[in-house]
Amino acid sequence: QVQLVESGGGLVQAGGSLRLSCAASGRSFSNYVMGWFRQAPGKERLFVAAISGTGFNTYYADSVKGRFTISRDNAKNTLYLQMNSLKPEDTAVYYCAGSRNTRRLGSALNEYDYWGQGTQVTVSS
């Protein structure tokens, strides 16, 4: 069992940056593929980025590629999302998620077993 708690959200102007964190409790954090998803008001939850257990492999949605960076510190049981060049369309609740399936960097909701409660990111124009 893994419990996930996000932090770091807030209000930022367009062009600015934020770094989200996701603290994981439980054992064997490095055994999980981790991902970030986001959900804008009235819209479905969408994939943002995923990272392998070692941190060596990453995968991004086209909408954030080149602007966002996913990383992890397994010694601290923490997942990060560095968000640069933020746009108003990045406004959403951001969720971290963990997957026991280490064979692929999943982008579908049903590939993830554990979810955090979310943190709000608002980008003003």
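Everything here concerns the structure above.
Residues numbered from 1 in each chain as written. Predicted model: local features only at pLDDT ≥ 70, side-chain atom pairs only at ≥ 80, totals over all residues. Heavy atoms only, no water.

Q: Just checking my understanding: could you explain the overall build of the protein for this structure?
A: Helix and strand counts for the protein stand at 0 helices and 11 strands. Counting from the amino terminus, helix and strand elements in the protein follow one another as β-β-β-β-β-β-β-β-β-β-β. The C-alpha atoms of the protein give 13 Å as radius of gyration, which agrees with the globular expectation for 125 residues (14 Å, within 12%). Taking the principal axes of the C-alpha coordinates as reference, the protein spans close to 40 × 25 × 25 Å. (Helix = DSSP H or I, 4+ residues; strand = E, 2+ residues; numbered from the N terminus. Rg over C-alpha atoms; globule rule 2.2 N^0.38 Å.)

Q: Can you walk me through the environment of Asp-113 in this structure?
A: One can find Asp-113 in the loop between β9 (92-99) and β10 (114-115). A residue is classified by how much of its surface remains accessible, and Asp-113, at 33% relative accessible area, is partly exposed. Residues Asp-113 and Ala-97, 16 residues apart in the sequence, show an inter-C-alpha distance of 7.2 Å. Among residues more than four places away in sequence, those in contact with Asp-113 are Gly-98, Ser-99 and Arg-100. A polar side-chain atom of Asp-113 sits 2.8 Å from the main-chain amide nitrogen of Arg-100. (Buried < 20%, exposed > 50% of the residue type's maximum accessible area, 1.4 Å probe, protein only. Contact = heavy atoms within 4.5 Å. Polar contact = N/O pair within 3.5 Å; in protein donor to acceptor, adjacent residues only side chain to side chain.)

Q: Would you mind showing me how to read the state of the cysteines here?
A: A covalent bond between the sulfur atoms of two cysteines is what we call a disulfide. Tallying each qualifying case throughout the model produces 1 disulfide. With a sulfur-sulfur separation of 2.0 Å, Cys-22 is cross-linked through a disulfide to Cys-96. The sign of the S-S torsion, about 50°, decides the handedness of the disulfide formed by Cys-22 and Cys-96: right-handed. Within this pair, whereas Cys-22 is found in strand β3 (residues 18-25), its partner Cys-96 is found in strand β9, the two being separated by 74 residues in sequence. We classify Cys-22 as buried; its relative accessible area is 0%. (Disulfide = S-S within 2.5 Å.)

Q: What am I meant to see in the side chain of Thr-119 here?
A: Turning to its location among the elements, Thr-119 is positioned in strand β11 (residues 119-124). Its relative accessible area of 11% is what places Thr-119 among the buried residues. Of the polar contacts made by the side chain of Thr-119, one reaches the backbone nitrogen of Gly-9; its length is 3.2 Å. Apart from the residues lying within four places of it in its own chain, the contact partners of Thr-119 are Glu-6, Ser-7, Gly-8, Gly-9, Leu-20, Ala-92, Val-93 and Tyr-94.

Q: Is there a simple way to think about unusual backbone geometry in this case?
A: Glycine aside, residues mostly have negative phi angles, and peptide bonds mostly take the trans form. Positive phi outside glycine occurs at Asn-77, with the angle close to 55°. Within the secondary structure, Asn-77 is located in the loop between β7 (68-73) and β8 (78-83). Judged by its relative accessible area of 22%, Asn-77 falls in the partly exposed class. Positive phi, close to 50°, is recorded for Ser-85, a residue that is not glycine.

Q: Would you explain the sheet that holds β7 in this entry?
A: In any sheet, the strands associate via hydrogen bonds between backbone groups, in a parallel or an antiparallel arrangement. Sheet architecture is open: 4 strands sit in the order β1-β3-β8-β7, paired in antiparallel fashion. The open sheet has two edge strands, β1 (3-7) and β7, and neither has a second partner. The sheet shows a mean angle of 15° between the axes of neighbouring strands, taken without regard to direction. Relative to β8, β3 is paired through 6 bridges, and the arrangement is antiparallel. (Pairing = 2+ DSSP bridges. Axes fitted to C-alpha atoms, helices over the stretch in contact; angles between N-to-C directions.)

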